[in-house]
Amino acid sequence: MEAPRHDTRGIVDPPGLLSHVRFRRHEPAEPLRRHVEWYWFIDWDLPEPYASHIVPHPSVNLTFQWDEDEGPPYGEVTGVALGLYTRKLTGRGRVCGAKFRPGGFRPYAPDAPVSRWTGAALPAEEVFPQATPDTARSVVTPTTDTARAAALDAFLLAAPCAPDPQADLAMTLVQRIRADRTVRRVSDFAHAEGLSVRSLQRLFSAYVGVSPKWVLLRYRIHEALEQAGTRTDIDWATLATDLGYADQAHLIRDFTATVGVTPTAYAQGVR
């Protein structure tokens, strides 16, 4: 089943990306949805190189990729990227990815904290021994999305996944931060959830890979990026207040540090 496609949070210049690649999302098999948010597929056939830019979510991704001019298909596990993620696309290729829910990857790799993968990309076989080159080929070579999704389903349904209440708690807490704009201070949030700040920080390090403050700031930037790319009447001071910033200057500072340009310059460039 194809997943909702309208949410482009995190994509820098969605119209630019979508004019260069075919981008789709699909739901995983029902038993996997507890840990996997969605599958995402990208195909491209470019006469000239194109660089895509993403402000990543606090999620681990498993991808199977094929750059047809550069070699055979391969698998990769990518931890949470702390800064702007840039990928240069050339020639023909495709990516079939599974985006784990924040906190949902640890049951598949219980021997290490998720922070071990933060900022890193490594061969999938180092985390999933069964992610062989043949597996990568079976995922990326089918011509239909249905077949690719079925191959990802088969791979992940066969992978060991130990029940873990702490993973469930981490996923719940991240979702609350994502959905509730009234969450503005980590200390207040921890208290409301019956946790100490230190316990919350340890939980996020082990199961999300980044701190609760980082998650809070990242979702603020995603919202600001979405607003800047879709609206022409933004009151930046009001938006800063709505997102929990002390003032407009703090929003501009965080946005510029993450995206590389000011919110106003980004909005003008996209339009």
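Each remark here, short or long, concerns the structure printed above.
Residues numbered from 1 in each chain as written. Predicted model: local features only at pLDDT ≥ 70, side-chain atom pairs only at ≥ 80, totals over all residues. Heavy atoms only, no water.

Along its length, the protein chain carries 10 helices and 8 strands. Taken against the 2.2 N^0.38 rule, which gives 18 Å for 271 residues, the C-alpha radius of gyration of the protein chain at 19 Å falls within 12% of a compact globule. With the C-alpha coordinates aligned to their principal axes, the bounding extent of the protein chain is approximately 50 × 45 × 30 Å. Each of the 271 residues in the protein chain was classed as buried or not, and the buried ones make up 52%. In the protein chain, once contacts between residues fewer than 6 apart in sequence are set aside, the share between residues at least 24 apart is 71%. Element-wise, carbon and sulfur atoms account for 53% of the exposed surface of the protein chain, whose accessible area totals about 12,800 Å². (Helix = DSSP H or I, 4+ residues; strand = E, 2+ residues; numbered from the N terminus. Rg over C-alpha atoms; globule rule 2.2 N^0.38 Å. Buried < 20%, exposed > 50% of the residue type's maximum accessible area, 1.4 Å probe, protein only. Contact = heavy atoms within 4.5 Å. Areas by Shrake-Rupley, 256 points an atom, 1.4 Å probe, with all protein chains shown as cover.)

Listed as buried for helix H2 (residues 133-140) are Thr135, Ala136, Val139 and Val140. Mapping the buried residues of H2 onto a view down its axis gives an arc of 115°, with all of them on the same face. Here the buried face of H2 lies against strand S4 (61-67), strand S5 (74-78), strand S7 (92-100) and helix H3 (145-158). (Arc of directions from axis to C-beta.)

In a pair of packed helices, the angle between the axes and the distance between the axes together describe the arrangement. Direction vectors running N to C along H2 and H3 enclose 145°, while the axes themselves pass 7 Å from each other. Facing H2, whose interface residues are Thr135, Ser138, Val139 and Val140, H3 presents Arg148, Ala151, Leu152 and Phe155. Here the residues of the contact of H2 with H3 sort into 5 nonpolar, 2 polar and 1 charged. (Axes fitted to C-alpha atoms, helices over the stretch in contact; angles between N-to-C directions. Nonpolar A, V, L, I, M, F, W, Y, C, P; charged D, E, K, R; others polar.)

Looking now at the side chain of Arg106. Its place among the elements puts Arg106 in the loop between S7 and strand S8 (121-123). Summary of buried charges: Arg106 has no salt-bridge partner, and the nearest side chain of opposite charge, Asp164, is 5.5 Å away. In terms of polar contacts, Arg106 uses its side chain to reach the backbone carbonyl oxygen of Pro110, at 3.2 Å. Non-local contacts of Arg106, meaning those with residues more than four positions away in its chain, are made with Ala112, Pro113, Val114, Ala206 and Tyr207. (Lys, Arg positive; Asp, Glu negative; His and termini not counted. Salt bridge = Lys/Arg side-chain N within 4 Å of Asp/Glu carboxyl O. Polar contact = N/O pair within 3.5 Å; in protein donor to acceptor, adjacent residues only side chain to side chain.)

Moving on, we get to the nonpolar core. Across soluble globular proteins, nonpolar side chains have a tendency to be buried as a group. Tyr39, Leu62, Phe64, Val77, Phe105, Phe128 and Leu156 are the most contacted members of the largest nonpolar core, which totals 32 residues. Sorting the residues of this core by element identifies strand S2 (36-45), S4, S7, H2 and H3 as the ones contributing at least two each. No other element matches H3, which puts 5 residues into this core. For Phe105, the residues in contact, after removing those within four places along its chain, are Val60, Val77, Phe100, Trp117, Val127 and Phe128. Counting residues in each nonpolar core, the second largest holds 21 residues, with Ala170, Ala190, Ala206 and Leu216 among its members. (Core = buried A, V, L, I, M, F, W, Y, C linked by side-chain atoms within 4.5 Å.)

What follows is about the sheet that holds S7. In space, the 6 strands of this open sheet follow the order S1-S2-S7-S4-S5-S8, with antiparallel pairing throughout. Only two strands of the sheet have a single neighbouring strand rather than two, namely strand S1 (22-26) and S8. Averaged over all neighbouring strand pairs, the angle between strand axes comes to 20°, with direction disregarded. Sheet strands touched by H2: S4, S5 and S7. Its angle to S4, the strand with the most contacts, is close to 80°. (Pairing = 2+ DSSP bridges.)

Under the criterion given, the structure shown has 7 aromatic pairs. Where Phe64 meets Phe155, the ring centres are 5.6 Å apart and the plane angle is 80°; that geometry is what we call edge-to-face. Within this pair, whereas Phe64 is found in strand S4, its partner Phe155 is found in helix H3, the two being separated by 91 residues in sequence. Look at Phe64 and you get buried, because its relative accessible area is 0%. Judged by its relative accessible area of 7%, Phe155 falls in the buried class. Taken together, the ring pairs connect Phe64, Phe100, Phe105, Tyr108, Phe128 and Phe155 into an aromatic cluster. Over the aromatic face of Trp38 sits the side chain of Arg25, whose NZ or CZ is 4.0 Å from the ring centroid. Positioned over the ring face of Tyr245 is Arg220, at 4.7 Å from the centre of the ring. (Phe/Tyr/Trp six-rings, centres within 6.5 Å; stacked < 30°, edge-to-face > 60°. Lys NZ or Arg CZ within 6 Å of the ring centre and 35° of its normal.)

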